[in-house]
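Below, each chain spelled out in residue letters.
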Amino acid sequence: MPGQDRRVRRSQRLLREALIALIPEKGYDRITVQDILDRADVGRSTFYTHYRDKDDLLLTGFDDLRTDLQRDLDALSPGVPPHPTSPTGVIFAHAYRHRDLYRALCGRRGSTVVHRHLYRLVSDLLRDHLRQHIEAARSDLPVDVAAAFYTSAALGLLTWWVDQEFRPGPAALASIYQRLAAPGLLTALTPPASEPAPSA
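Bear in mind that the values here come from a model prediction, so they are computed numbers and not experimental data.

(A) Layout of the overall build of the protein chain. When helices and strands are tallied, the protein chain shows nine helices and zero strands. Along the chain direction, N to C, the helices and strands of the protein chain fall in the order α-α-α-α-α-α-α-α-α. Its C-alpha atoms give the protein chain principal-axis dimensions of about 80 × 40 × 30 Å. Burial statistics for the protein chain: of 200 residues in total, 40% are counted as buried. Summarising the internal contacts of the protein chain: among those between residues at least 6 apart in sequence, 67% fall at separations of at least 24. Carbon together with sulfur atoms contributes 53% to the accessible area of the protein chain, which is approximately 11400 Å² in total. Positive and negative charge centroids in the protein chain, built from 26 and 24 side chains respectively, lie 5 Å apart.

Written as structure tokens, this is what we have:
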């Protein structure tokens, strides 16, 4: 029923917001389900109706984050493949709009669990984007290797940015990333020159 669906969505939102708020305060590893329930003012039975544990709650939040980022990426240039480094600009802009969320995900009080899920999410998005460029260039560059390299660079810069309280702004950060990353990526997408035929 619509009323029940609204209550379910509200409870899920409160639980996610409680977890995100608690990570910078306590650190992810020290948070208990009871901490989340107290902060969200939600009953234990409601929590376990939707989630197995706090990791399951965290993962559901990443599903929503993926959907949100994918929508922004799809809106870049409909029908026109954007520049290979453009997705990171989308990620930085998204992080700036949701600073509390990214403080929890990238800040010092996160955990390897949080960072691993964020890495997988960004890597998947970059892999899908880079694949079309690598295939169009007929490059022998492995897509997984390129995605791993550029994900590590993007998240390293994003983590630094969170520690700098999101200064400079997202457009400036995207420009810095592009200056650092684009030359290597564009070189890698250039088909290697054919070797001269051996002399007789």
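(B) A look at the packing of helix α4 (residues 54-74) against helix α5 (residues 86-97). In the contact formed by α4 and α5, the axes pass within 10 Å of each other and the chain directions differ by 125 degrees. Relative to α5, the element α4 lies oblique. The hand of the α4/α5 crossing is right-handed. Contact residues: α4 offers L65, D68, L69, D72 and L73, while α5 offers P87, V90, I91, H94 and R97. Within the contact of α4 with α5, the residues separate by chemical class into six nonpolar, one polar and three charged.

(C) Highlighting the packing of aromatic side chains. Inspection of every chain in the model, using the stated rule, returns eight aromatic pairs. Aromatic pair F149 and Y150: ring centres 5.0 Å apart, planes at 75 degrees, arrangement edge-to-face. Its relative accessible area of 10% is what places Y150 among the buried residues. Cluster of aromatic residues (ring-pair linked, three or more members): F92, Y96, W161, F166 and Y177. Of note, K54 hangs over the ring of Y28, and the distance from its end group to the ring centre comes to 4.4 Å. Positioned above the aromatic ring of Y96, the side-chain terminus of R99 is 4.2 Å from the ring centre.

(D) Local environment of the packing of helix α6 (residues 99-106) against helix α8 (residues 143-163). Interhelical geometry of α6 versus α8 gives an angle of 115 degrees and a closest axis separation of 10 Å. The angle between α6 and α8 places the two elements in the roughly perpendicular class. For the crossing formed where α6 meets α8, the hand is left-handed. Judged by residue contacts, Y102, R103 and C106 of α6 engage L158, T159 and V162 from α8.

Rules used throughout
- Residues numbered from 1 in each chain as written.
- Predicted model: local features only at pLDDT ≥ 70, side-chain atom pairs only at ≥ 80, totals over all residues.
- Heavy atoms only, no water.
- Helix = DSSP H or I, 4+ residues; strand = E, 2+ residues; numbered from the N terminus.
- Buried < 20%, exposed > 50% of the residue type's maximum accessible area, 1.4 Å probe, protein only.
- Contact = heavy atoms within 4.5 Å.
- Areas by Shrake-Rupley, 256 points an atom, 1.4 Å probe, with all protein chains shown as cover.
- Lys, Arg positive; Asp, Glu negative; His and termini not counted.
- Charge placed at Lys NZ, Arg CZ, Asp CG, Glu CD.
- Axes fitted to C-alpha atoms, helices over the stretch in contact; angles between N-to-C directions.
- Parallel < 35°, antiparallel > 145°, perpendicular 65-115°, else oblique.
- Left-handed = near helix turned anticlockwise from the far one by under 90°.
- Nonpolar A, V, L, I, M, F, W, Y, C, P; charged D, E, K, R; others polar.
- Phe/Tyr/Trp six-rings, centres within 6.5 Å; stacked < 30°, edge-to-face > 60°.
- Lys NZ or Arg CZ within 6 Å of the ring centre and 35° of its normal.

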